[in-house]
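Here are the chains, one letter per residue:
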Amino acid sequence: MVAFEEILRTIGEFGLFQKLLTFGLTFQYFLIPIFFCSFLFIESDPERHCSTDWILKADPNLTTDEQLNLTLPREEDGTFSRCQMFVPVDWDIGAIREYGLNETTGCNNGWVYSKTLYDATIVTDFDLVCDKSTMVEVVQTVFLFGALVGSFIFGPIAESYGRRRTVQLPVVLSLIFAIVAGVAPNFYIYIVSQFIAAIGLSGYRINSVVLATEWIGVTQRSFAPCLAQLSGALGKCAMAGLVYAIRDWRIAQYVLAGGQAIVLLYIWWIPESARWLLGQGRTEEAHKFIHRVATFNKKKIPENLLEDVTGEQQVHRGGIKSIFTSKVLVKYLFIVSFAWFSVNLGGFCLSLNVGKFGLSIFLVQLLFGVSEIPAHLLCIWVLELIGRKKPLISILLTGGFVCLLTVAFPQDSTVAITVLVTIGRFFFNWAGSVCVLYIQELFPTSVRQTAVGLGSIAFRVAGLLSPSLNMLATYYWFLPNMVFSSLVVVSGALVFLLPETCNKVLPDSTAESEGNRNLTTRKAGSDFNVDEHNSSKSTKL
């Protein structure tokens, strides 16, 4: 039977079609970080006081200082209370001045904000202060939980309905609910819209890279996941610049929706994975896409090549059961998922603390994004030159130990700690790119998307746990760093148990995955002998 890699070598392993496909699918990754801006750039404890305009009915000519002196209690340090006000009374201004007010209550009529870093945030628009100050963490948790739900939904169904549909639908969801979040009149609509948008983003992430990878040949297979991560890093830099220039979170949401609309325009032209179609026995559809790609790449297909596929293609069915009935696949899944979990736990813990390192939040966010760019560029070169296993081990161990070094510095060493965590995120993101590629190469086509979905669940659980882990900092500031850094180091040691997959064909069956170490290596530039596939019967496609 003709392996799909032989077809790719004939129609082009990384021709113009694959380059455009990869760019189109990875552009969305540039937009994904911007979904975080509404609950990262918030100024959680802005300058404020209760709105007390009720007293202006008694005397509309009061100055601001007089109004505050008459209506707000003072704290022990002499400043006006930020969360309390005197209970409104139906007295004239003379009685209020003579007797004063003593009974206090919460801010029943909202707050007046001043000296804020931003023009508008979800904190100031929805009054997420005082007894609602924890709602920002709730938003983060709900968003990350939505991403987890997206992994549950869009991972397994891609095996049944294909990669293409499970890439298109998430784009639609993300666009609609990016707009809904921007126009949300209250906190509840905002948080529901963020939850559904996160489902779409997660579904896109776990399916788009697999779709791109399955169209790329052996020697350039690292391009799709690494360029996707690179696009995300550029998006983080853009997010810092966007919020710095536009200090209103709703306007930022509309800019994000505009980018999503661009993706929606071309996503319908993305083709289905021919590898998946062949695995489902849908050879005619696969041949149609293969011919289109060959035409796009200006390649000619020998008729007997696709004839062999028509006559001998074996249908492989898979699912979660196929993974958990194989000890080898379970081992692969656990190790890669644990590594993915560890680096994402560290990455999210650091990202959600972006405003707590003592430096400008815009600068730290920009540094986080810039530091990732060389990581993903290096990733492409290193993965093809050295492989997957040794680099992943080195990256995990180095990143874990670098973040552990933060414990050696006092908490007020803002520059040193920022430098160390930025270096740590450099390695964490590098490791994330390798994990995305590694898990695809370890599992067969019949369960590849299911495996990526399960790995993504571990990835998302880590994100969901990161706000809770950060809460340990209230006891000792370095505890979160110690926890996730230790897990990263342990995951690096476990990678020793994985096989190398560099320059090996993607397996199509569980048997091939279990014998991954023995798969035939396809050297770049080797010639395909068409005579080996001559057939006495010609099939017109």
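Everything discussed here concerns the structure shown above.
Computed from a predicted model, the values in this text were never measured in an experiment.

Trainee: Break down unusual backbone geometry for me, with residues and values.
Mentor: Positive phi, close to 60°, is recorded for Lys298, a residue that is not glycine. Among the structural elements, Lys298 can be located in the loop between helix H14 (283-296) and helix H15 (303-312). Under the relative-accessibility criterion, Lys298 is labelled exposed at 78%. Positive phi is not limited to glycine here, since Asn503 has a value of about 60°.

Trainee: Describe the packing of helix H17 (residues 327-351) against helix H20 (residues 414-442), and please don't skip the residues or the numbers.
Mentor: It is the contact of H17 with H20, at a shortest axis distance of 9 Å, that shows an interaxial angle of 155°. It follows that H17 is roughly antiparallel to H20 by the angle criterion. Both H17 and H20 take part in a crossing whose hand is left-handed. Note on element contacts: H20 touches H17 through Val421, Arg425, Phe428, Ala431, Gly432, Cys435, Val436, Ile439 and Leu442, opposite Leu329, Tyr332, Leu333, Val336, Ala339, Trp340, Val343, Gly346, Gly347, Leu350 and Ser351. Taken together, the residues that form the contact of H17 with H20 break down as 15 nonpolar, four polar and one charged.

Trainee: Break down the side chain of Arg448 for me, with residues and values.
Mentor: With respect to the helices, strands and loops of the structure, Arg448 is situated in helix H21 (residues 448-470). The buried category is assigned to Arg448, whose relative accessible area is 0%. Polar side-chain contacts of Arg448 include one of 2.8 Å to the backbone oxygen of Gln440. At 3.1 Å, the side chain of Arg448 forms a polar contact with the backbone oxygen of Phe443. Excluding its chain neighbours within four sequence positions, the residues that come into contact with Arg448 are Glu159, Arg163, Val210, Glu214, Arg275, Gln440, Phe443, Leu506 and Pro507.

Trainee: Explain the state of the cysteines residue by residue, including any values.
Mentor: This structure, assessed with the given rule, holds two disulfides. Covalently, Cys83 is tied to Cys130 through a disulfide, its sulfur atoms 1.9 Å apart. Note on the Cys83 and Cys130 pair: the S-S dihedral is about -90°, so by sign convention the disulfide is left-handed. Taken as a pair, Cys83 in the loop between helix H4 (64-71) and strand S2 (84-86) and Cys130 in the loop between helix H6 (122-126) and helix H7 (135-154) lie far apart in primary sequence, 47 residues in all.

Cut-off values and rules
- Residues numbered from 1 in each chain as written.
- Predicted model: local features only at pLDDT ≥ 70, side-chain atom pairs only at ≥ 80, totals over all residues.
- Heavy atoms only, no water.
- Helix = DSSP H or I, 4+ residues; strand = E, 2+ residues; numbered from the N terminus.
- Buried < 20%, exposed > 50% of the residue type's maximum accessible area, 1.4 Å probe, protein only.
- Axes fitted to C-alpha atoms, helices over the stretch in contact; angles between N-to-C directions.
- Parallel < 35°, antiparallel > 145°, perpendicular 65-115°, else oblique.
- Left-handed = near helix turned anticlockwise from the far one by under 90°.
- Contact = heavy atoms within 4.5 Å.
- Nonpolar A, V, L, I, M, F, W, Y, C, P; charged D, E, K, R; others polar.
- Polar contact = N/O pair within 3.5 Å; in protein donor to acceptor, adjacent residues only side chain to side chain.
- Disulfide = S-S within 2.5 Å.

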